[in-house]
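# Structure assessment
Here is how the chains run, residue by residue.
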Amino acid sequence: MSDIAPKVVKKPFVALRPVPVVLVSCGHGEQANIITIAWTGILCSNPPQIGIGVRPDRHSHGLIQQTGEFVINIPGERLLGEMEYCGFVSGRDADKFGTAGLTPVPGSAIQTPIIAESPINLECKLVHTLPLGSHDLFVGEVVAVQISEELLDERGRVDNGRLKPILFTGDGYWGLGEMLGRWGSTRK
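Residues numbered from 1 in each chain as written. Predicted model: local features only at pLDDT ≥ 70, side-chain atom pairs only at ≥ 80, totals over all residues. Heavy atoms only, no water.

## Digging into the environment of S118
The cut-off we apply is this: A run of H or I in DSSP counts as a helix once it spans at least four residues, and a run of E counts as a strand once it spans at least two, with each numbered from the N terminus. Relative accessibility under 20% of the residue-type maximum defines a buried residue, over 50% an exposed one, and the middle range a partly exposed one, all with a 1.4 Å probe and only protein chains included. Between two residues, a contact is recorded if the distance between any of their heavy atoms is within 4.5 Å. Polar contact criterion, stated in full: a pair of N or O atoms within 3.5 Å, where within protein one must be able to donate a hydrogen and the other to accept it, and residues adjacent in sequence count only if both atoms are side-chain atoms.
Considering the arrangement of structural elements, one finds S118 in the loop between strand 8 (114-115) and strand 9 (120-131). The buried category is assigned to S118, whose relative accessible area is 1%. Excluding its chain neighbours within four sequence positions, the residues that come into contact with S118 are N73, I74, P75, L79 and S148. Separated by 2.8 Å, the side chain of S118 and the backbone oxygen of I74 make a polar contact.

The following block contains the structure:
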């Protein structure tokens, strides 16, 4: 008896899951803003580049184009409420930093602020913009990384159990489950 479940064919949709949820800060000074994004991912390791998908009609889209930079702030589970708020309110209508109680702190390599409460901040310079359809892909080269010391293990690596990242599945938010194995140790 096979343990392969039968499958059904569906119309194409973005079925990749889970995906990380990030808070992207953009703009400078009084125009600083935050947008919640789950359309994000690693694109290249050398030089380190990350992509984010942003709809052209979003307030943050124009800020990223204007400044040529953005910060990917990786929130832990304790920022779930703030993360969701920043995804449902437009920066055209509200000061998300102030209303969400998040602290803008100058980046170390760019002018766009990081979110102090976010345990990991990836400062990015915009290197490519690719129109895709409903979203534009902004490719950012990571020019600096800030990590809360409390997340680091004895080898100086991020302990995901301490980070507690937020994952999105298309209809809900999830946390990490148990570790299934170390990279390279589960080969047959």
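## Considering the sheet that holds strand 12 (residues 173-174)
The strands making up a sheet associate through backbone hydrogen bonding, with each pair oriented either parallel or antiparallel. Selection criterion: At least two DSSP bridges between two strands are required for those strands to pair.
Reading across from one edge, 1-11-12 is the order of the 3 strands in this open sheet, with antiparallel pairing throughout. Lying at the two open borders of the sheet, with one neighbouring strand each, are strand 1 (19-20) and strand 12. Sheet topology places strand 11 (residues 167-168) next to strand 12; 2 bridges connect them, and they run antiparallel. Paired with F168 across the bridge in strand 12 is Y173.

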